[in-house]
Amino acid sequence: MVSPGILLVDKPAGMTSHDVVARTRRAFGTRKVGHAGTLDPMATGLLVIGIEGATRLLTYIVGADKTYEATIRLGQTTGTDDAEGEIVAVAPPEAWGAVTDDAVSAGIASLTGEISQVPSAVSAIKVDGRRAYDRVRAGEEVVLAARDVVVSRFDLLETRRGEGFIDLDVIVDCSSGTYIRSLARDLGAGLGVGGHLTALRRTRVGPFEVAGAVGLDALEGAPTLTPGETAARILPVLEMSSDDARDLRHGKRLVGQAARLDGALGAALDPDGRLIGIVERRGADLKSAMNMPEADG
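To start, this report covers the structure provided alongside it. This is a predicted model, so every value here is computed, not measured.

1. A word on the overall build of the protein chain
Turning to step 1, where the next piece is worked out: Looking only at helices and strands, one finds six helices and 17 strands in the protein chain.
Turning to step 2, where the next piece is worked out: In the protein chain, buried positions account for 50% of the 297 residues.
Turning to step 3, where the next piece is worked out: Of the contacts made within the protein chain by residues no fewer than 6 positions apart, 68% connect residues no fewer than 24 positions apart.
Turning to step 4, where the next piece is worked out: Taken together, the 33 basic and 41 acidic charged side chains of the protein chain have centroids lying 7 Å from each other.

Have a look at this one:
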């Protein structure tokens, strides 16, 4: 029997997130595998994988803040806002005079904080039931609505000036739903020379770091986090008595215990450290928002 758990995988370039899920299914011998947040084929880095009953926790991870390391190329615009697309515009020589170090810093500052961002047309966002990138590949013109996101850190690490381009190595902390390709596009557009993403690596998803991830060649027998360990990383922990654990598992409310919960949600653990489920306030009571199968906690 396959134990439920959360697996941290360091995805290589050239594979889809679905490819990684398929490899994990084979390695662990189960179909019940999912992930918390897609990485483009070009991107590398942390993919959070749920196995068996732990897939129920993915919904509480997918919205976590993330950290990316990226390279932005100024001076060239592509149809996909990244290096996988064809170059559709190149900055003229007369435009480069305005792209000083100070101008780059000001452009980055303007894209830091709470911003409104239009996702790339080749994103995985669904438009009338179909992925935007599928519509683009079918020859349709796709314009997505702007969304509010938070870029809490957008730091420039290194600048490399070449013939007709500038490469910027950056690190970005951002809210879920932020597109780093769009940051590259918008930075280049603001500087008047265009821009696109040439490299992207996700190093963090919420409390999970890529340093703790395994490569695809190490999936067989790879260590996983238990549901209890995982929930304790992402939510406040409420330790339950045996009686309260039984009541929660049977769908009962814990009368008058809402004051135990500081935030909106908490991870309820039984006396053995197993995850009972995710609890929320309901008036003065606590009730389950999600229950784990008892054998999977």
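2. With respect to the sheet that holds strand S15 (residues 265–269)
Turning to step 1, where the next piece is worked out: Taking strand neighbours across the sheet as the criterion, the four strands line up as S14-S15-S16-S17 in an open arrangement whose pairing is mixed. Each of the sheet's edge strands pairs with one partner strand only, and the pair in question is strand S14 (237–239) and strand S17 (285–291). Averaged over all adjacent pairs, the angle separating strand axes in this sheet is 40 degrees, with direction ignored.
Turning to step 2, where the next piece is worked out: The pairing of S14 with S15 spans three bridges and is parallel.

3. Thoughts on the pattern of salt bridges
Turning to step 1, where the next piece is worked out: Taken as a whole and judged by the stated rule, the model has 16 salt bridges.
Turning to step 2, where the next piece is worked out: We note a salt bridge from Arg246 to Asp243, for which the minimum N-O separation is 3.0 Å. Of this pair, Arg246 and Asp243 both sit in helix H6 (residues 242–249), separated by three residues, roughly a single helical turn.
Turning to step 3, where the next piece is worked out: Linked by salt bridges that have partners in common, Asp40, Asp82 and Arg181 make up one network.

4. Some thoughts on the environment of Ala36
Turning to step 1, where the next piece is worked out: Within the element layout of this structure, Ala36 appears in the loop between strand S2 (33–35) and strand S3 (44–51).
Turning to step 2, where the next piece is worked out: Sequence separation between Ala36 and His18 is 18 residues; the distance between their C-alpha atoms is 11 Å.
Turning to step 3, where the next piece is worked out: If sequence neighbours within four positions are ignored, Ala36 has contacts with Val48, Leu58, Ile61, Val62 and Arg202.

5. Some points on the pairing of strand S12 (residues 195–205)
Turning to step 1, where the next piece is worked out: Buried residues dominate S12, accounting for eight of its eleven residues.
Turning to step 2, where the next piece is worked out: By the bridge criterion, nine bridges tie strand S4 (residues 66–74) to S12 in an arrangement that is antiparallel. Across the sheet, Thr67 pairs through a bridge with Arg204, a residue of S12.
Turning to step 3, where the next piece is worked out: Here S12 pairs with strand S13 (residues 208–209) via two bridges, running antiparallel. Counterpart to Val205 in the pairing with S13 is Phe208.
Turning to step 4, where the next piece is worked out: Here S12 folds back onto S13, and the loop between the two strands holds two residues, one of which, Gly206, carries a positive phi near 55 degrees.

6. Points about helix H4 (residues 180–191)
An α-helical segment advances 3.6 residues per turn. Residues three or four places apart therefore align on the same side.
Turning to step 1, where the next piece is worked out: Compared with an ideal rise of 1.5 Å per residue, which puts twelve residues at 16 Å, H4 spans 17 Å between its outermost C-alpha atoms and is within 8% of the ideal.
Turning to step 2, where the next piece is worked out: Counted residue by residue, H4 has nine buried out of twelve residues, so it is predominantly covered.
Turning to step 3, where the next piece is worked out: Listed in full, the buried residues belonging to H4 are Ile180, Arg181, Ser182, Leu183, Ala184, Arg185, Leu187, Gly188 and Leu191.

Criteria and thresholds
- Residues numbered from 1 in each chain as written.
- Predicted model: local features only at pLDDT ≥ 70, side-chain atom pairs only at ≥ 80, totals over all residues.
- Heavy atoms only, no water.
- Helix = DSSP H or I, 4+ residues; strand = E, 2+ residues; numbered from the N terminus.
- Buried < 20%, exposed > 50% of the residue type's maximum accessible area, 1.4 Å probe, protein only.
- Contact = heavy atoms within 4.5 Å.
- Lys, Arg positive; Asp, Glu negative; His and termini not counted.
- Charge placed at Lys NZ, Arg CZ, Asp CG, Glu CD.
- Pairing = 2+ DSSP bridges.
- Axes fitted to C-alpha atoms, helices over the stretch in contact; angles between N-to-C directions.
- Salt bridge = Lys/Arg side-chain N within 4 Å of Asp/Glu carboxyl O.
- Expected span 1.5 Å × (residues − 1).

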